Amino acid sequence: MLPQDTIAELARELYDARKSRTQVRHFSKRFPEMTIEDGYAIQRAWVRLELAVGRTIKGRKIGLTSRAMQQASQITEPDFAPLMDDMFFAQGSDIEASRFIAPRIEVELAFILGKPLKGPGVTLFDVLSATEYVTPAIEIIDSRIEQFDRDTKVMRKVFDTISDFAANAGIVLGGRPVRPNEVDLRWVGALLYKNGVIEETGLAAGVLNHPATGVAWLANKIAPYDEQLNVGDVVLAGSFTRPTTAKAGDNFHVDYGPLGSVAFRFV
């Protein structure tokens, strides 16, 4: 475990990087002994800095839910991070690209909880019972830590990504909210359009075979820290498309079929 003062210093670097839109170099290169637990410790320290200036937590995101992404990151389970209140943007809005460093877009389903979920022992069926509704979502991911080292071009490690709020930066909710038992969530599909051209397609079953599986995993994962998922929390279950690059001037529209669509524009 990294020393507490080092964890605090690295959290401050990320806090400042988000404000200044300036990337920092890989923590894993500077501290080769870094572990996944160090990554989460840095993440929690960063959250405390955000809370201290009046930010609030509105939910959680789950990342690395597909087998392909886990293999690419050399990890055998998903990761997670908080959704802060200033990361939410209105459906159909113009979003300033300058708020981000290197934004990319992912397609997700969001679970909005009507009951709390506290592990251990939370199951997929507990998640479905606790969910008020499920709605389409777009996640905007970003890299406060360089994705590729500026000199060696080596890709960052999962420890870096976990520290960096699991790359979380923004969320747009939209479409048609549904009760979790109204549709078979595994078969929810999506078409991601960028400037009118289909860039990605996906099926929600790509998220751990059922998107609610990740929510159950998360509730159990945070239980040892005496944390739980709360009423009203928005939980992003994980992307079922590859990330799509974005820049000022790009228009994004995701068609979720019978669940409607989500759209926004970078300006």
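Above this text sits the structure in question.
Predicted model, so just to flag it, every value in this text is computed and none were measured.

## Comments concerning the overall build of the protein chain
Now for step 1: Along its length, the protein chain carries seven helices and 13 strands.
Now for step 2: In terms of overall size, the protein chain behaves like a compact globule, its C-alpha atoms giving a radius of gyration of 18 Å where 267 residues would be expected to give roughly 18 Å.
Now for step 3: With respect to the principal axes defined by its C-alpha atoms, the protein chain has extents near 50 × 45 × 35 Å.
Now for step 4: Of all intrachain contacts in the protein chain linking residues separated by at least 6 positions in sequence, the fraction that spans at least 24 positions is 76%.
Now for step 5: Taken as a whole, the protein chain presents about 11400 Å² of accessible surface, with 53% of it coming from carbon and sulfur.

## Side note on the pairing of strand 7 (residues 168-173)
Now for step 1: Among the six residues that make up strand 7, five are buried, leaving the element largely enclosed by the rest of the structure.
Now for step 2: Relative to strand 7, strand 3 (residues 88-89) runs parallel, the two being bridged by two bridges. Note that in strand 7 the partner of Phe89 across the bridge is Val172.
Now for step 3: Sheet topology places strand 6 (residues 131-141) next to strand 7; five bridges connect them, and they run antiparallel. Paired with Glu139 across the two strands is Ile171, which belongs to strand 7.

## Some points on the sheet that holds strand 13 (residues 261-266)
Now for step 1: Judged by pairing direction, the sheet is mixed, and its five strands sit side by side in the order 4-13-12-8-9 without closing on themselves. Edge positions in the open sheet fall to strand 4 (94-95) and strand 9 (197-203), since each of these has one partner strand only.
Now for step 2: Direction of pairing for strand 8 (residues 189-194) relative to strand 12 (residues 251-255): antiparallel, over a ladder of four bridges. Looking at strand 12, one finds that Leu191 is bridged to Asp255.

## Some details on helix 3 (residues 36-52)
Now for step 1: In a regular helix each residue adds 1.5 Å, so 17 residues correspond to 24 Å; helix 3 covers 25 Å between its end C-alpha atoms and thus fits that length.
Now for step 2: All of the buried residues along helix 3 are Asp38, Gly39, Tyr40, Ala41, Ile42, Gln43, Ala45, Trp46, Val47 and Glu50.
Now for step 3: Those residues of helix 3 that are buried lie in contact with helix 1 (4-20), helix 2 (27-30), strand 1 (57-63), strand 2 (79-84) and helix 6 (158-163).
Now for step 4: Positive backbone phi, approximately 100 degrees, marks Gly54, located one or two places after helix 3.

Cut-offs and rules
- The numbering scheme is per chain: residues are counted from 1 as the chain's sequence reads.
- In keeping with the model being predicted, local features are shown solely for residues with a pLDDT of at least 70 and side-chain atom pairs are shown and tallied solely at 80 or more, while totals for entire chains, interfaces and linings include all residues.
- Water and hydrogen atoms play no part in the side-chain values, which are based on all heavy atoms of the structure.
- Helix and strand definitions follow DSSP, with helices as H or I runs of at least four residues and strands as E runs of at least two, each counted in order from the N terminus.
- Restricting the calculation to C-alpha atoms gives the radius of gyration, and the globule rule supplies 2.2 Å times the number of residues raised to the power 0.38.
- Should any heavy atoms of two residues lie within 4.5 Å, those residues are counted as being in contact.
- A 1.4 Å probe and the Shrake-Rupley method give the accessible areas. Residues count as covered only by the protein chains that appear here.
- When accessible area is computed with a 1.4 Å probe and restricted to protein chains, residues below 20% of their type maximum are described as buried, those above 50% as exposed, and intermediate ones as partly exposed.
- Two strands pair if DSSP finds at least two bridges between them.
- Here a helix's expected span is defined as the number of its residues, less one, multiplied by 1.5 Å.

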